[in-house]
Amino acid sequence: MNPLLTETPVVTIKGVSQNLPRLTLSAALKLPKLLNKLLTDDVLEIFSNVEDEQSAQERGISIISALLEGLDGAEETIYEILSLALSLEQKEVESIPLAELGEIIVAYKEHPDIDFFTKTLKNLLTKQE
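Throughout what follows, the structure given in this document is the object of discussion. (Residues numbered from 1 in each chain as written. Predicted model: local features only at pLDDT ≥ 70, side-chain atom pairs only at ≥ 80, totals over all residues. Heavy atoms only, no water.)

### Structural notes on unusual backbone geometry
Using the following cut-off: Here a strand is any run of E in DSSP of at least two residues, a helix any run of H or I of at least four, and the numbering for each starts at the N terminus.
Phi is positive for Lys-14, which is not a glycine, with a value near 55°. Secondary-structure assignment places Lys-14 in the loop between strand E1 (10–13) and strand E2 (16–19). In this model, Ser-87 sits at a positive phi of 55°, which is unusual for a non-glycine residue. Turning to its location among the elements, Ser-87 is positioned in the loop between helix H4 (75–86) and helix H5 (90–94).

Quick look at the structure:
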């Protein structure tokens, strides 16, 4: 299936239902910068120790705490990426209600550009090995 012909998920942005915009190259290229800030050694260690004696709730709290620490000082990067990804001005992104932001983040799992980007990236990395 051609990802360019696939519709993007519908979300609510600033009270209006609309399709998520297509991802631009500049937005896609900034994602690794943010992931690099978020996926610290602490976070990766929590993910790798799934077998330990922590409950799912305790592990979830540990992950969220570690992610929030990684987000410290990353506000500008987050706003910049969201601004590019949603085709909005940064001031508009800053005023998106938290519930809508959650819906948008979840919807990106179904975004055809994300799927294309991750599969293409995986194929490129596999071919280089």
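### Some remarks on a negative patch on the surface
Let me state the cut-off plainly: Two joining distances apply to patches: 9 Å for like charges and 5 Å for nonpolar side chains (Val, Leu, Ile, Met, Phe, Trp, Tyr), and every residue must have over 30% relative accessible area and no salt bridge. Note on areas: these come from Shrake-Rupley sampling with a 1.4 Å probe, and a residue is covered only by the protein chains present in the view. Any carboxyl oxygen of Asp or Glu within 4 Å of a side-chain nitrogen of Lys or Arg constitutes a salt bridge here. For the charge count, each Lys or Arg is scored as positive and each Asp or Glu as negative, with His and the chain ends excluded. Here the site of a charge means atom NZ of a Lys, CZ of an Arg, CG of an Asp or CD of a Glu. The buried label goes to any residue with under 20% of its type's maximum accessible area, the exposed label to any with over 50%, and the partly exposed label to all in between, with areas taken from a 1.4 Å probe on protein chains only.
A surface patch of negative charge is lined by Asp-41, Asp-42, Glu-45, Glu-69, Asp-72, Glu-75 and Glu-76. Elements supplying a minimum of two residues to the negative patch: helix H2 (41–48) and H4. Locating Asp-42 in the fold gives a position in helix H2. Residue Asp-42 is classed as partly exposed on the basis of its relative accessible area of 47%.

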